[in-house]
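The residues making up each chain are set out below.
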Amino acid sequence: MSSSTLNVARRVILQVVRDRRTIALIIVAPLVIATVAGFSIPDKMMLDNAAPAILATLIIFFGFLITGISFLRERTQGTLERMLVSPISRMDIVAGYLLGLLLFALLQTLIMFFYMVYVLSINYQGDLWQILVFQMLIGIVAVCMGTFFSAFARNEFQMIQFIPLIIVPQIFLSGLFIQTSQLPYVLEWISKFLPLTYGVEGIKALMQQGQSLLDIGKDIGILAAFAAGFLVLASLTLRQKS
Amino acid sequence: MTDAAIAVNNLAFKYGALKVIDDMTMEIESGTSYGLLGPNGAGKTTLIRLMVGLLKPAGGNVLCLGKPPTRSMAKNIGYMPQLPALYSELSVEQNIDFFGRIYGLKDSKKRWERVNEVIKVVDLWEKRKTQIVNLSGGMKQRVSLACAIVHQPSLIFLDEPTVGLDPELRVHFWDYFTDLTKAGHTLIISSHTFDDAAHCQRLAFLRLGRVVAQGTPAELRAATGNKEASLEDAFLYFIKHDEVKENVQ
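These remarks concern the structure in this document.

Conventions and cut-offs
For every chain, the first residue of the written sequence is number 1, and numbering continues from 1 onward in sequence order. By the order in which they are written, chains take letters starting at A while ligands take numbers starting at 1. Owing to the predicted nature of the model, reporting of local features is limited to residues with pLDDT of at least 70; listing and counting of side-chain atom pairs is limited to 80 or more, with chain, interface and lining totals taken over all residues. The side-chain values count all of the structure's non-hydrogen atoms but skip hydrogen atoms and water molecules. To qualify as a helix, a DSSP run of H or I must reach at least 4 residues; to qualify as a strand, a run of E must reach at least 2; elements of each kind are numbered from the N terminus. Atoms counted for the radius of gyration: C-alpha only. Globule rule: 2.2 Å times residue count to the power 0.38. Here's how the labels work: a residue is buried when its accessible area is under 20% of the maximum for its type, exposed when over 50%, partly exposed in between, all with a 1.4 Å probe on protein chains only. Any two residues whose heavy atoms approach within 4.5 Å at even a single point are treated as in contact. Areas reported here follow the Shrake-Rupley algorithm with a probe of radius 1.4 Å; residue values treat only the protein chains shown as occluding. For the purpose of counting charges, residues Lys and Arg are taken to be positive, whereas Asp and Glu are taken to be negative. His and the chain ends are not included. Where a charge lies is defined by one atom per residue type: Lys uses NZ, Arg uses CZ, Asp uses CG and Glu uses CD. Two parts placed together each lose some accessible area; with a 1.4 Å probe, that loss summed over both constitutes the buried area. Each salt bridge in this description consists of a side-chain nitrogen of Lys or Arg and a carboxyl oxygen of Asp or Glu lying within 4 Å of one another. Counted as a polar contact is a pair of N or O atoms within 3.5 Å, where, for protein atoms, one must be capable of donating a hydrogen and the other of accepting one, and residues adjacent in sequence contribute only when both atoms are in side chains. When residues are grouped by polarity, Ala, Val, Leu, Ile, Met, Phe, Trp, Tyr, Cys and Pro land in nonpolar, Asp, Glu, Lys and Arg in charged, and all others, Gly among them, in polar. A pair of strands counts as paired when DSSP detects no fewer than two bridges linking them. Convention adopted: a line fitted to C-alpha atoms gives each axis, helices being fitted over their contacting stretch, and angles between N-to-C directions are expressed from 0 to 180 degrees. The nonpolar core is taken to be a set of buried Ala, Val, Leu, Ile, Met, Phe, Trp, Tyr and Cys residues, with the residues joined through side-chain atoms within 4.5 Å. Only rings of Phe, Tyr and Trp enter the pairing, Trp through its six-membered ring, and a pair is recorded when the two centres are within 6.5 Å. The plane angle decides the type: under 30 degrees is stacked, over 60 is edge-to-face, the rest tilted.

## Looking at the overall build of chain B
- Counting secondary structure elements, chain B contains 8 helices and 9 strands.
- In terms of overall size, chain B behaves like a compact globule, its C-alpha atoms giving a radius of gyration of 19 Å where 249 residues would be expected to give roughly 18 Å.
- On the principal axes, the C-alpha backbone points of chain B span a range of 60 × 40 × 35 Å.
- The buried share of chain B, taken over its 249 residues, is 54%.
- By sequence separation, contacts in chain B at least 24 residues apart represent 69% of the contacts at least 6 residues apart.
- Split by element, the accessible area of chain B, about 11200 Å² in all, is 49% carbon and sulfur.

## Notes on the overall build of chain A
- Check the secondary structure of chain A and you find 10 helices and 0 strands.
- Reading chain A from its N terminus to its C terminus gives the helix and strand order α-α-α-α-α-α-α-α-α-α.
- For a compact globule of 242 residues, the expected C-alpha radius of gyration is about 18 Å, and chain A comes in at 18 Å, within 12% of that figure.
- Considered along the principal axes of its C-alpha atoms, chain A spans approximately 55 × 40 × 35 Å.
- Counting all 242 residues of chain A, 54% fall into the buried class.
- Residue pairs at least 24 apart in sequence account for 77% of intrachain contacts in chain A once pairs closer than 6 positions are excluded.
- By element, 68% of the accessible surface of chain A is carried by carbon and sulfur atoms, the whole surface being about 10900 Å².
- Of the side chains in chain A, 16 bear a positive and 12 a negative charge, and the two mean positions are spaced by 13 Å.

## Things to note about the interface of chain A and chain B
- Listed per partner, the contact involves 27 residues of chain A and 36 residues of chain B.
- Counting the surface lost from both chain A and chain B, the interface buries some 2900 Å², and carbon and sulfur atoms represent 56% of this.
- Looking at the side of chain A facing chain B, the largest losses of area belong to Arg18, Arg82 and Val85 of chain A, adding up to 28% of the total buried there.
- Remark: the boundary between chain A and chain B carries 3 salt bridges.
- Here Arg73 of chain A makes a salt bridge to Glu89 of chain B, at a shortest N to O gap of 2.7 Å.
- Our enumeration of links across chain A and chain B arrives at 14 residue pairs in polar contact (both at pLDDT 80 or more).
- Listed by contribution, the elements that provide at least two residues to the side of chain A that touches chain B are helix H1 (3–17), helix H3 (44–76) and helix H4 (79–85) of chain A.
- Top element by residues in the side of chain A that touches chain B is H1 of chain A. It accounts for 7 residues.
- For the side of chain A that touches chain B, the residue count by class is 7 nonpolar, 11 polar and 9 charged.

## Overview of the sheet that holds strand E9 (residues 210–215) of chain B
Residue and element names in this part refer to chain B.
- Ordered by their spatial adjacency, 6 strands build an open sheet running E5-E6-E7-E3-E8-E9, and the pairing between neighbours is mixed. Edge strands, defined here as strands with exactly one partner in the open sheet, are strand E5 (77–80) and E9. Sheet twist, expressed as the mean angle between neighbouring strand axes with direction ignored, is 15 degrees.
- Pairing of strand E6 (residues 155–159) with strand E7 (residues 186–191), which is carried by 5 bridges, proceeds in the parallel orientation. Bridging across to E7, Ile156 finds its partner in Leu187.
- The strands that helix H4 (residues 137–149) touches are E5 and E6; relative to E5, the one it contacts most, it runs at about 165 degrees.

## Some thoughts on the nonpolar core
- Counting 156 residues, the largest nonpolar core has Ile6, Met26, Met51, Ile96, Phe157, Phe177 and Phe205 of chain B as its most contacted members.
- Examining the composition of this core, we find that 15 residues originate from one element, H3 of chain A, more than from any other.
- Not counting residues within four places of it along the chain, the set of residues in contact with Ile96 of chain B comprises Val115, Val118, Ile119, Val143, Ala146, Cys147 and Val150 of chain B.

## A few points about the sheet that holds strand E1 (residues 6–15) of chain B
Residue and element names in this part refer to chain B.
- Strand order in the open sheet formed by 3 strands is E2-E1-E4, and the pairing between neighbours is antiparallel. Of all the strands in the sheet, just strand E2 (18–28) and strand E4 (59–64) have a single pairing partner and so form its edges. Looking at each pair of strands side by side, their axes are set apart by 25 degrees on average, direction ignored.
- With 5 bridges connecting them, E1 and E4 associate as antiparallel partners.

## Regarding the pairing of E2 of chain B
All names here are of chain B.
- Pairing analysis gives 7 bridges linking E1 to E2, with the strands arranged antiparallel. By the bridge assignment, Ala7 is partnered in E2 with Glu27.
- What sits between E1 and E2 in their antiparallel hairpin is a turn of 2 residues, with Gly16 showing a positive phi close to 65 degrees.

## What about the environment of Asp127 of chain A?
Residues and elements named next belong to chain A.
- Relative to the elements of secondary structure, Asp127 occurs in the loop between helix H5 (90–118) and helix H6 (128–149).
- Its relative accessible area of 40% is what places Asp127 among the partly exposed residues.
- Spatially, the C-alpha atoms of Asp127 and Leu213 are 9.4 Å apart, while their sequence positions differ by 86 residues.
- Polar side-chain contacts of Asp127 include one of 3.1 Å to the side chain of Gln130.

## Digging into the side chain of Asp196 of chain B
Residues and elements named next belong to chain B.
- As for its position among the elements, Asp196 is in helix H6 (residues 194–199).
- Within the local environment of Asp196, its side chain forms a polar contact with the side chain of Thr193, the two groups lying 3.2 Å apart.
- Once you skip the residues sitting within four places of it in the chain, Asp196 turns out to touch Thr162, Arg170, Trp174 and Ser191.

## Looking at the packing of aromatic side chains
All names here are of chain A.
- Enumeration according to the criterion identifies 26 aromatic pairs over all chains in this entry.
- Centre to centre, the rings of Phe114 and Tyr118 are 6.0 Å apart; their planes meet at 15 degrees, and the pair counts as stacked. With a gap of 4 residues between them, Phe114 and Tyr118 both fall in helix H5, about one helical turn apart.
- A ring pair is formed by Phe149 and Phe230, whose centres lie 6.0 Å apart and whose planes are at 55 degrees; its orientation type is tilted. Of this pair, Phe149 sits in helix H6 while Phe230 is found in helix H10 (residues 217–236), placing the two residues 81 residues apart along the sequence.
- Judged by relative accessible area, which is 15%, Phe149 ranks as buried.

Spelled out as structure tokens, the structure:
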């Protein structure tokens, strides 16, 4: 990892840490949503079944939101332009962002996971560390996705509109409510191209069936490919304009 | 290849069908302060963005220190955009330190010495721990200038650097710009005010993406044939000539 990547990551972390209200919201928002989700499903077995998919969905949702808005601000306030004139590479900029914001995406993931386990008392199988590693991968995909899609928004209002466009369809098609195999053929086919589908599939296998990371290699591979793809596409959006 | 700090050769740039820079050619000598003067929409900012490599020319080329403006020579370039372009949550010194880091000032002690030095240059020592969000517009401009010069670049691009500054601060900025050129730095400054233009060693008057006249302020005033002519008169003289030429064509 280059020192330029670390410099960008360090600055991103410093920026969030110095904004106390944002830090408070980063901590409170997942707690509120996990509470609402938990208490809206009074049936314990039903909650145990739904919790992994809810967790994967919230990781994608929060990761996408925080990164999308942060990177958009970088574009609109002119600081991105300033960095593009400097000696650091486009990939360093995107990777630095990924690294910095991943820390907060992970913080949110851990808050939600441990809140669900210890406060809502959901049952899970499988190794804790393997579950957390997989959640981290989902977080990486979310951060890469947010960075890429921020290139298509001109302001925060437009970025927020990407949630119903990019995130909500994935919620319906990922297997959160209905198994993807029970979806109409066309929708099932579309679901194969959505990262959340593999996030939900993988986390269910880990938490409900007690499988290991080795058993869900396909989901890990596809999610890693999504992350790499979004990362490369995000850096391409920073190219010289003609 | 050329010895000039900047060589612009038949440069062209379009936004859609609109020609923003139209077959522009100019050379800027090292160690001078060169003003780009023109009304809004004349192409000043686009020209600077082409010079620093943010935009790709539709035709012609730009050479900075004899090379195209790529990442390999970015350390030699300082860029102060029109917007303050700062991280509002970070303090004055954190912003400047960040730009020092990404411009390759790796030695922590030396970098902080330089950060403190530029903070003093822009007269913000008392405010060095203050978050940008709590500064006035003029103070933000000063931090923005500090971020552009922290790595001591030989070529410094300043896009409307004195906009929003009070007269005292404007004088302070120009004193510093003069010191920089005396020390051998090349400054390219865009402006639409004649106060700023009078401070530049050389000027280019821009209109509709073209250079309508180039020279020292004295040469441009003398070209009007009126000994009493101000820079404003000279500008209007060349603009009018250009309009007539355009109508004839």
